[in-house]
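# Structural overview
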Amino acid sequence: MLLYMISDLPPNSTSAENDFSSIFFLSATSSTEKIYCGKMVKICCIGAGYVGGPTMAVIALKCPAIEVAVVDISVSRITAWNSDQLPIYEPGLDDVVKSCRGKNLFFSTDVEKHVAEADIIFVSVNTPTKTRGLGAGKAADLTYWESAARMIADVSKSDKIVVEKSTVPVKTAEAIEKILTHNSKGVNYQILSNPEFLAEGTAIEDLFAPDRVLIGGRETPEGQRAIQALKSVYAHWVPEERILCTNLWSAELSKLAANAFLAQRISSVNAMSALCEATGADVAQVSHAVGKDTRIGHKFLNASVGFGGSCFQKDILNLVYICECNGLPEVANYWKQVIKVNDYQKSRFVNRIVSSMFNTVSGKKIAVLGFAFKKDTGDTRETPAIDVCKGLLGDKAHLSIYDPQVTEEQIQRDLSMNKFDWDHPVHLQPMSPSSVKQVSVVWDAYEAAKGAHGLCILTEWDEFKNLDYKKIYDSMPKPAFVFDGRNVVNPQKLREIGFIVYSIGKPLDSWLKDMPAVA
């Protein structure tokens with residue numbers, strides 16, 4: 001059994017006196033418990049990705065008396081975390097990392113050393129969708145999680161709290177617990193589920209002021225003590241009423257459910273966008289009216305080319321598989337429909353482009369503005385841009401792509417990899433993906449648009465709202481098309497310039513009314 005308690009420390013306290021001098025470390029032996037005072041808590045996070053890096057950086061910032069190590073087997077990733085050019089882009093992350101790095105925040109490839117020394121171990125490794133075998137295309141592949149658990153068991157010589165930070169299927173904790181206990185060598189483990197609820201682009205804000213922190217553990221005295229140990233870490237800056245404690249299974253399922261509900265809202269408004277186009281309604285006005293209902297609210301009601309990111313599709317597919325395995329086909333089919341509508345929205349967007357441009361884009365230059373799945377991040381995992389670009393490439397278009405935060409290497413990699421390959425560690429992805437010859441990547445929106453027959457906006461970067469569209473129009477052959485997949489431009493102003501404009505869910509341009517919605 002392992003326990004950390006912060007006595008006499010008020011929740012959300014930030015005074016310099018909170019230096020963990022009152023931490024008590026209880027290690028249960030066969031018959032006695034020893035209490036040690038003044039021991040510095042060490043936290044280790046396995047996985048230096050979008051979740052592990054920012055989360056541990058904020059813990060280090062808010063808990064200066066805790067030593068935090070983020071470990072990964074990827075040398076290039078750890079090198080980047082130790083440099084001035086961090087491996088991920090997230091507003092505010094640079095400042096947090098630089099203020100703690102080298103003091104109580106460390107990034108290392110010496111995984112076993114830091115795991116062995118840690119009191120609390122967060123596991124934030126990839127859980128990709130399986131591509132073969134039982135559950136292929138739906139179930140989560142827990143290969144990396146199992147490897148991490150076996151490594152923890154191999155190197156541990158003192159009791160540990162092991163925290164699930166990756167999004168995992170319900171009952172994963174039970175499987176991990178079995179691996180650890182069957183290889184324990186006298187070491188005691190407590191497994192907790194502490195799912196992340198970060199939104200990329202606002203991750204640091206979300207970590208500083210979370211809606212809730214969810215901690216799930218066993219309903220045993222040892223499990224409850226472990227929950228309190230982790231709760232005491234977050235209590236340094238999170239109000240106690242926002243720290244929710246549940247059993248393990250509720251915590252694991254809550255993460256999947258939250259992402260499914262959010263994705264469902266996006267697919268709902270995207271389904272309405274298709275109906276708006278057919279009837280002449282404006283999806284923005286419909287969304288505004290619907291969102292005024294306090295039971296519904298306005299968030300996640302912006303129509304777009306589709307949702308992306310590392311979690312939504314993967315988690316819903318995982319949820320579908322769990323439902324099927326538990327004999328709930330009707331529930332599984334309900335959640336499948338959320339994915340189907342998202343795929344439909346992307347294919348509908350491509351079809352609208354092709355049909356509008358005389359039913360072919362073969363040999364035509366199409367400018368693509370934005371490749372990340374949302375603004376204020378460089379993350380391209382499951383971005384709608386991949387499917388849209390592949391759809392246009394399938395019709396032999398030539399693409400000129402600009403995104404302020406995504407590299408040419410990443411774009412070429414995404415367009416040449418198979419589905420779900422992205423969710424494996426970089427060193428297990430194709431080493432040299434073949435570049436797509438019909439794709440050029442530029443570092444300027446005007447260069448991307450020069451000579452293009454059509455312009456597609458696929459990420460809602462703020463800079464795209466303020467471009468000189470008259471300049472862009474003059475550089476394009478006529479008729480010049482704009483296909484706004486994020487509703488960031490004013491369609492009427494662009495029509496006055498001379499563009500033929502298609503905006504998701506908006507009343508159709510007269511040109512488009514005469515064109516079929518499907519190519």
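Residues numbered from 1 in each chain as written. Predicted model: local features only at pLDDT ≥ 70, side-chain atom pairs only at ≥ 80, totals over all residues. Heavy atoms only, no water.

### Here we look at the side chain of K231
Put simply, the test is: Secondary structure follows DSSP: runs of H or I at least 4 residues long count as helices, runs of E at least 2 residues long count as strands, and numbering of each begins at the N terminus. Two residues form a contact once any of their heavy atoms are found within 4.5 Å.
Checked against the element boundaries, K231 lands in helix α8 (residues 221-234). Ignoring anything within four residues of it in the chain, the contact list for K231 reads I215, E240, I243 and C245.

### A few points about the packing of aromatic side chains
The condition is simple: Ring geometry is summarised as follows: Phe, Tyr and Trp rings, the Trp one being its six-membered ring, pair when their centres sit within 6.5 Å, and such pairs are stacked at plane angles under 30 degrees, edge-to-face over 60 and tilted between the two. Buried, partly exposed and exposed residues are distinguished by accessible area as a fraction of the type maximum, computed with a 1.4 Å probe on protein chains only: under 20%, between the cut-offs, and over 50%, respectively. Throughout this description, the term charge over a ring refers to an Arg CZ or Lys NZ atom that lies within 6 Å of the ring centre and within 35 degrees of the ring normal.
Applying the stated criterion across every chain, the model contains 13 aromatic pairs. Seen in terms of ring centroids, F349 and Y502 are 6.1 Å apart; in terms of plane orientation they differ by 45°. Their pairing is tilted. Here Y502 lies in strand β17 (residues 500-503) and F349 lies in helix α12 (residues 329-356), a separation of 153 residues in the sequence. Judged by its relative accessible area of 0%, F349 falls in the buried class. Look at Y502 and you get buried, because its relative accessible area is 1%. The rings of F358, F481, F483 and W511 are connected pair by pair, giving a single aromatic cluster. One cation-aromatic arrangement involves K478 over Y473; the distance from NZ or CZ to the ring centre is 4.6 Å.

### Observations regarding α12
Put simply, the rule reads: To estimate the expected span of a helix, subtract one from its residue number and multiply by 1.5 Å.
Relative to the 40 Å expected for 28 residues at 1.5 Å per residue, α12 spans 39 Å between its end C-alpha atoms, a close match to the ideal helical length. A positive backbone phi angle near 65° is found at F358, which sits one or two residues after α12.

### Description of the pairing of β17
Note on strand geometry: in a regular strand, side chains alternate between the two faces of the sheet. Here is the rule: Any two strands are treated as partners once DSSP identifies two or more bridges connecting them.
Of the two faces of β17, both are covered, the one formed by I500 and Y502 as well as the one formed by V501 and S503. One ladder, built from four bridges, connects strand β16 (residues 481-484) with β17; its direction is parallel. Bridge assignment links V482 to a residue of β17, and that residue is V501.

### Considerations on the sheet that holds β17
To keep things clear, this is the line we draw: Axis geometry follows a simple rule: fit a line to the C-alpha atoms, using only the stretch in contact for helices, then measure angles between N-to-C directions, giving values from 0 to 180 degrees.
Taken in spatial order, the six strands line up as β14-β13-β12-β15-β16-β17 in an open sheet, and their pairing is parallel. For this open sheet the edge positions go to β14 (439-441) and β17, each flanked by a neighbour on one side alone. Averaged over all neighbouring strand pairs, the angle between strand axes comes to 20°, with direction disregarded. One ladder, built from four bridges, connects strand β15 (residues 454-457) with β16; its direction is parallel.

### With respect to the nonpolar core
Note the cut-off: In plain words, nonpolar cores are sets of buried Ala, Val, Leu, Ile, Met, Phe, Trp, Tyr and Cys residues tied together by side-chain atoms within 4.5 Å.
Counting residues in each nonpolar core, the largest one holds 43 residues, and the members touching the most others are I43, I59, F122 and Y234. The element that contributes the greatest number of residues to this core is α8, accounting for six residues. If we skip the residues at most four places from it in the chain, F122 touches I43, C44, C45, I46, M56, I59, V163, K165, N194, L230 and Y234.

### Notes on the side chain of R381
What counts is decided by this rule: Whenever a nitrogen or oxygen atom comes within 3.5 Å of another N or O atom, the pair is scored as a polar contact, on the condition that within protein one atom can donate a hydrogen and the other can accept it, and that pairs from neighbouring residues in sequence are kept only if both atoms are in side chains.
Summarising the element assignment, R381 is placed in the loop between β12 (365-369) and α13 (384-394). Separated by 3.4 Å, the side chains of R381 and E200 make a polar contact.

### Looking at the confidence of the model for the chain
The test is simple: A residue's pLDDT is the predictor's confidence in that residue, given on a scale from 0 to 100.
When the pLDDT values of the chain are averaged, the result is 88; 88% of them are 70 or greater. Counted against residues more than four places away or in other chains, residues 1-38, with its pLDDT under 50, gives 82 contacts.

### Brief notes about the pattern of salt bridges
Opposite charge on two side chains lets them pair, provided their charged atoms get close. Let me state the cut-off plainly: Salt bridge, as applied in this entry: a Lys or Arg side-chain nitrogen positioned within 4 Å of an Asp or Glu carboxyl oxygen.
According to the stated counting rule, one finds 24 salt bridges in the structure shown. Among the ionic pairs, K98 bridges to D94, the shortest N-O distance being 3.6 Å. With a gap of four residues between them, K98 and D94 both fall in helix α3 (residues 93-100), about one helical turn apart. Of the residues examined, D94 reaches a relative accessible area of 30% and is grouped as partly exposed.

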